[in-house]
Amino acid sequence: MITVDLHLHTNYSDGSLPLSKLIDLCGESGLDAIAITDHLCATDGLPGKVAKYLNLTLSEKNWNDYIGAIEKERNRAWREYKMLVYTGVEFTRNTFFHGRNAHLLAIDLKEFVSPNQSEEKWLIEARQQGAVTVAAHPMKVLDCSTQTYYLLKNQAQFAPLIDVWEVANGRTFWPEMLNTPYALSAASDFHHKIKWEGWRTQIECEKDPQAILESIKNPQQNRSFVYINGHCSQVSQEIFHMVSNKGGPNDPRCVDDSLHNNRRFGYVTPFSVAGNYS
């Protein structure tokens, strides 16, 4: 089983860690593949303008520096940890209305795509580059003041352009998504070390960059969603410690322990992450 996290942020946008330290955190924690997905904010509205002013978003100006830094760290990640690293972004349209906010990941994106266009046009351009597109946190996220309901609210419009939908983000799991026909993934949406604990995806495939993405996109491919706080080696030792008995209904890990359409979810016993990443 390959353990992946396709939604992580660095200080190229609003993450707290520089890229190199995030690579070390993920590599030493045993992840097999990750995607760096810093925010690419639409700046045609006030929230995006503020993000640009505060240097909390990627831009065309720093794009080459961003992809160059990831390429350098990609080589080191494989050399030191045998971990695969994808270049990605998170298209970010924030407004003052939860129902209009939309966040989209593009994994394995190669060239800059302007965020100041419609979601449909942005998705089309990203897919033309061969990127895998992901609907980020389409339902209510715990402990988050800004919600992004636009994509799921308009799923008939967007489903043909979205390869994968998040079933879990950080500490939040949405059992309702298990009943959809979509390919699903779980990711940490890492911004700060305190957000290391959370859901990840395990997929049955070879450890190859293209094989992983093709498997993630395939809704018929077996996959598991595991809640991790520590080193991923614990996954192979204590698989599927189901969480239906571990808390009350408000416990983010408290979900049904059944198998849904080749998708299973479980809990990995937590223990400390080694190293200094602050």
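The model shown is predicted, which means the values in this text are computed figures rather than measured ones.

Take the overall build of the protein next. Check the secondary structure of the protein and you find 8 helices and 11 strands. Across the 278 residues in the protein, those meeting the buried criterion constitute 54%. Taking contacts inside the protein between residues at least 6 apart in sequence as the whole, the part at least 24 apart equals 68%. A total of about 11,800 Å² of accessible surface is found on the protein, and carbon and sulfur atoms cover 50% of it.

Membership of the largest hydrophobic core comes to 55 residues, with the highest contact counts inside it found for Ile34, Val89, Trp122, Trp165, Val167 and Met177. Counting residues in each nonpolar core, the second largest holds 18 residues, with Tyr86, Leu105, Ala136 and Val164 among its members.

What follows covers the packing of aromatic side chains. Under the counting rule described, the total for this entry stands at 10 aromatic pairs. Ring centres 6.2 Å apart and planes at 75 degrees place the aromatic pair Phe190 and Trp196 in the edge-to-face group. Phe190 sits in the buried class, given a relative accessible area of 0%. Taken together, the aromatic side chains of Tyr12, Trp63, Tyr66 and Phe112 make up a single cluster linked through ring pairs.

The interhelical angle for the contact between helix 1 (residues 19–28) and helix 3 (residues 63–81), taken along N-to-C directions, is 30 degrees, at an axis separation of 10 Å. In terms of orientation, helix 1 lies roughly parallel with respect to helix 3. The way helix 1 lies across helix 3 gives a crossing that is right-handed. Every residue of helix 3 that contacts helix 1 at Leu19, Ser20, Ile23, Asp24, Gly27 and Glu28 is listed here: Ala69, Ile70, Glu73, Arg76, Ala77, Glu80 and Tyr81. Grouping the amino acids of the contact of helix 1 with helix 3 by side-chain chemistry returns 6 nonpolar, 2 polar and 5 charged.

The next point concerns unusual backbone geometry. One non-glycine residue with positive phi stands out, namely Asp108, at about 70 degrees. Structurally, Asp108 can be placed in the loop between strand 4 (102–107) and helix 4 (119–128). A positive phi is found at Asp189, a non-glycine position, where the angle reads about 55 degrees. In this structure, Asp189 sits in the loop between strand 8 (183–187) and strand 9 (198–203). Of the residues examined, Asp189 reaches a relative accessible area of 6% and is grouped as buried.

Quick look at the side chain of Asp189 now. Side-chain polar atoms of Asp189 contact the side chain of Asn169, separated by 3.3 Å. Those residues in contact with Asp189 that sit more than four places away from it in its chain are His7, His9, Glu90, His137, Asn169 and Lys195.

Procedures and definitions
- Residues numbered from 1 in each chain as written.
- Predicted model: local features only at pLDDT ≥ 70, side-chain atom pairs only at ≥ 80, totals over all residues.
- Heavy atoms only, no water.
- Helix = DSSP H or I, 4+ residues; strand = E, 2+ residues; numbered from the N terminus.
- Buried < 20%, exposed > 50% of the residue type's maximum accessible area, 1.4 Å probe, protein only.
- Contact = heavy atoms within 4.5 Å.
- Areas by Shrake-Rupley, 256 points an atom, 1.4 Å probe, with all protein chains shown as cover.
- Core = buried A, V, L, I, M, F, W, Y, C linked by side-chain atoms within 4.5 Å.
- Phe/Tyr/Trp six-rings, centres within 6.5 Å; stacked < 30°, edge-to-face > 60°.
- Axes fitted to C-alpha atoms, helices over the stretch in contact; angles between N-to-C directions.
- Parallel < 35°, antiparallel > 145°, perpendicular 65-115°, else oblique.
- Left-handed = near helix turned anticlockwise from the far one by under 90°.
- Nonpolar A, V, L, I, M, F, W, Y, C, P; charged D, E, K, R; others polar.
- Polar contact = N/O pair within 3.5 Å; in protein donor to acceptor, adjacent residues only side chain to side chain.

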